[in-house]
Amino acid sequence: MMAEVGAGGPRLAELLALGRRLWDELEASTEPSSGAPAVQEKVRQGLDALQRAAAMVAQLELFSENEELEEIASADLKFMLLPALLGAMTLKQVDLSRRREHLESAREHFLRFLKLCRNYGLGSFQLPPSTSGEEESRSPSVPQDPAQPNLVAMAMSRTAKIERYKQKKELENKLASMSSSVESGTADEDQIREFYILQIQKWIGTSLEEIESIDQELVILRSRDAARQAAAGPRGPSRTARTPMKPFILTRNAAQARVFGAGYPGLPTMTVDDWYQQRRKQGIVSTPQRQGFGEPGPPPSSSLPAGTNDEELQKQQREKEEEEDDEEALQKARDWDDWKDTHPQGYGNRHNMG
């Protein structure tokens, strides 16, 4: 395997070194904004270098599921970090329109790194579920009621976080004490091997933390996208459009409808009950209003133009009632005059006969 790496090794090592250097510079950057052009240019260069290096590793088949950790050369161990570095560098992108895409891509890189580490027995951890939501066959899972929180799982998660934090600090201290000898070339092969394994173990904790954070953000983004799709979907009108009413004769009952219908054949007739039923279907009134309970009575028997509202109907009703009252009083006066013409004064008085 060393011979295969040796043929293209220097270039592969250079690409990994460039990606690591750019990552370290981004982590130590004092730029006020991660979206600054200089920062994003480093992100672009780092991603390019790491992706090219990962493609070369896959072509050279440096790692296999049938290998043991002892079979990997010490100089090749550092290339196991490529998926984790790719995930971390992907998260440095700030294009909000592609945020969900970047999160999902970074998660896949971290998950690929964790699977590789577990295959070689590096670290003791539970592998997160894949993007399809299916647990790995070798990952223990505890069934739970989705309606209730799994308190045991929450306690285990909190304990695991505390343990990972302690391990991370210990690993950082060990790496800091060994980095100078490894970088200067004075470290022997055992020290180099231990140094790279410690780096891998440190990135295992980082990958688990990043996946947990990514999953939380993805839940928010998916809910937001679903809400936007629902808001942008087809929506009916808030209120049903009213069809303009055609003129008709409104009568009190069916008998009047027959009378008025015979006198005005050009206009249709409608009883009060029919009118209220139609208005109720149109959503204009809820229940018919009846006289005698402090509420306005039914509309008058008159011709109603299109667009007539309830207030105009009530006004027309009052005018019609006044007209009917006047006509009734006039008719009574006329009847009284006629009666007096045919019945002289004293007619019917039989008590004062002489």
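With an unreviewed UniProt entry as reference, the chain is termed IGBP1 protein, source organism Cettia cetti. UniProt's Sequence similarities (unreviewed entry) comment on the chain is quoted here verbatim: "Belongs to the IGBP1/TAP42 family."

Draft legend 1. Layout of the overall build of the chain. The number of helices and strands found in the chain is 9 helices and 2 strands. The burial tally for the chain puts 31% of its 354 residues in the buried class. In the chain, 61% of the contacts between residues at least 6 apart in sequence involve partners at least 24 apart. When the accessible surface of the chain is summed, it comes to about 23,500 Å², and 51% of that surface belongs to carbon and sulfur atoms.

Draft legend 2. How the structure looks around the nonpolar core. One finds Phe63, Met80, Phe113, Leu122 and Ile204 to be the most contacted residues of the largest nonpolar core, which totals 57 residues. Among the secondary structure elements, those contributing two or more residues to this core are helix H1 (2-27), helix H2 (37-60), helix H3 (82-90), helix H4 (99-119), helix H5 (151-184) and helix H6 (189-232). Here this core takes 12 residues from H6, the largest share from any one element. Residues Met270, Val272, Trp275 and Tyr276 belong to the second largest nonpolar core, which totals 5 residues.

Draft legend 3. Geometry of the pattern of salt bridges. In total, this model carries 13 salt bridges according to the counting rule given. Across the salt bridge formed by Arg98 and Glu101, the nearest N and O atoms sit 2.7 Å from each other. A relative accessible area of 42% places Glu101 in the partly exposed class. Taking the shortest distance from any N to any O, the salt bridge between Asp225 and Arg224 comes out at 3.5 Å. Overlapping salt bridges, with partners in common, bring together Arg100, Glu104, Arg222, Arg224 and Asp225 in one network.

Draft legend 4. Representation of the layout of surface pockets in the model. In this structure, the second largest pocket spans a volume of roughly 870 Å³. Around the second largest pocket, the lining is made up of 29 residues, and of these Arg20, Trp23, Asp24, Gln199 and Trp203 lie nearest the centre. For the lining of the second largest pocket, the secondary structure elements donating two or more residues are H1, H3, H5 and H6. For the lining of the second largest pocket, the leading source of residues is H6, giving 8 residues. Considered class by class, the residues forming the lining of the second largest pocket number 15 nonpolar, 4 polar and 10 charged.

Draft legend 5. Fine view of the side chain of His109. With respect to the helices and strands, His109 occurs in helix H4. For His109, a relative accessible area of 15% corresponds to the buried category. With residues near it in sequence (within four places) discarded, His109 still touches Pro83, Ala84, Leu86, Gly87 and Thr90.

Draft legend 6. Structural view of helix H8 (residues 272-281). Every buried residue belonging to H8 is among Val272, Trp275, Tyr276 and Arg279, and all of these are buried. Taken end-on, H8 shows its buried residues confined to a sector of 95°, consistent with a single buried face. For H8, the exposed residues set more than 90 degrees away from the buried face come down to Asp273 and Lys281.

Draft legend 7. Just the confidence of the model for the chain, in detail. When pLDDT is averaged along the chain, the result is 77; 66% of the residues meet or exceed 70. Mean pLDDT in the chain bottoms out at helix H7 (residues 254-263), which sits at 58, and peaks at H3, which reaches 97. Here residues 1-9 scores under 50 on pLDDT; set against residues more than four positions off or in separate chains, the count is 11 contacts. Of the regions scoring below 50 in pLDDT, residues 288-295 engages in 15 contacts with residues more than four places distant in sequence or in other chains.

Draft legend 8. A look at the packing of aromatic side chains. Going through the model one piece at a time under the given rule, you end up with 3 aromatic pairs. Ring centres 5.9 Å apart and planes at 55° place the aromatic pair Trp23 and Trp203 in the tilted group. Here Trp23 is found in helix H1, whereas its partner Trp203 is found in helix H6, with 180 residues between them in sequence. For the pair Trp23 and Trp203, a shared accessibility class is recorded, and that class is buried. Measuring from centroid to centroid gives 6.4 Å for Phe63 and Tyr120, while their planes differ by 75°, and the two rings are edge-to-face. One end of the pair, Phe63, is in the loop between H2 and H3; the other, Tyr120, is in the loop between H4 and H5, with 57 residues separating them in the sequence. Summarising the burial analysis for this pair, Phe63 and Tyr120 share the class buried.

Draft legend 9. How the structure looks around the side chain of Arg193. Within the fold, Arg193 resides in helix H6. Notably, Arg193 is buried but unbridged: the nearest opposite-charge side chain belongs to Glu189, and the N-O separation is 5.4 Å. Among the polar contacts made by the side chain of Arg193, one reaches the main-chain carbonyl oxygen of Ile72 at a distance of 2.8 Å. Residues in contact with Arg193, not counting those within four places in the same chain, are Leu69, Glu70, Ile72, Ala73, Ser74 and Leu77.

Draft legend 10. Spotlight on the packing of H2 against H3. The N-to-C vectors of H2 and H3 enclose an angle of 155°; their axes lie 10 Å apart at closest approach. When the interaxial angle is binned, H2 and H3 end up roughly antiparallel. Note that H2 runs across H3; the crossing there is left-handed. Residues Val43, Gly46, Leu47, Leu50, Gln51, Ala53, Ala54 and Val57 of H2 lie in contact with H3, whose contacting residues are Leu82, Leu85, Leu86, Met89 and Thr90. In terms of residue class, the contact of H2 with H3 is made up of 10 nonpolar, 3 polar and no charged.

The rules behind these values
Residues numbered from 1 in each chain as written. Predicted model: local features only at pLDDT ≥ 70, side-chain atom pairs only at ≥ 80, totals over all residues. Heavy atoms only, no water. UniProt positions renumbered as here; feature names shortened; annotations may be inferred. Helix = DSSP H or I, 4+ residues; strand = E, 2+ residues; numbered from the N terminus. Buried < 20%, exposed > 50% of the residue type's maximum accessible area, 1.4 Å probe, protein only. Contact = heavy atoms within 4.5 Å. Areas by Shrake-Rupley, 256 points an atom, 1.4 Å probe, with all protein chains shown as cover. Core = buried A, V, L, I, M, F, W, Y, C linked by side-chain atoms within 4.5 Å. Salt bridge = Lys/Arg side-chain N within 4 Å of Asp/Glu carboxyl O. 1 Å grid on protein atoms, 1.4 Å probe; cavity = no way out; pocket = protein on both sides within 12 Å on 5 of 7 lines; lining within 4 Å. Points joined across faces, edges and corners; volume = space filled by probe spheres on them. Nonpolar A, V, L, I, M, F, W, Y, C, P; charged D, E, K, R; others polar. Arc of directions from axis to C-beta. pLDDT = per-residue confidence, 0-100. Phe/Tyr/Trp six-rings, centres within 6.5 Å; stacked < 30°, edge-to-face > 60°. Lys, Arg positive; Asp, Glu negative; His and termini not counted. Polar contact = N/O pair within 3.5 Å; in protein donor to acceptor, adjacent residues only side chain to side chain. Axes fitted to C-alpha atoms, helices over the stretch in contact; angles between N-to-C directions. Parallel < 35°, antiparallel > 145°, perpendicular 65-115°, else oblique. Left-handed = near helix turned anticlockwise from the far one by under 90°.

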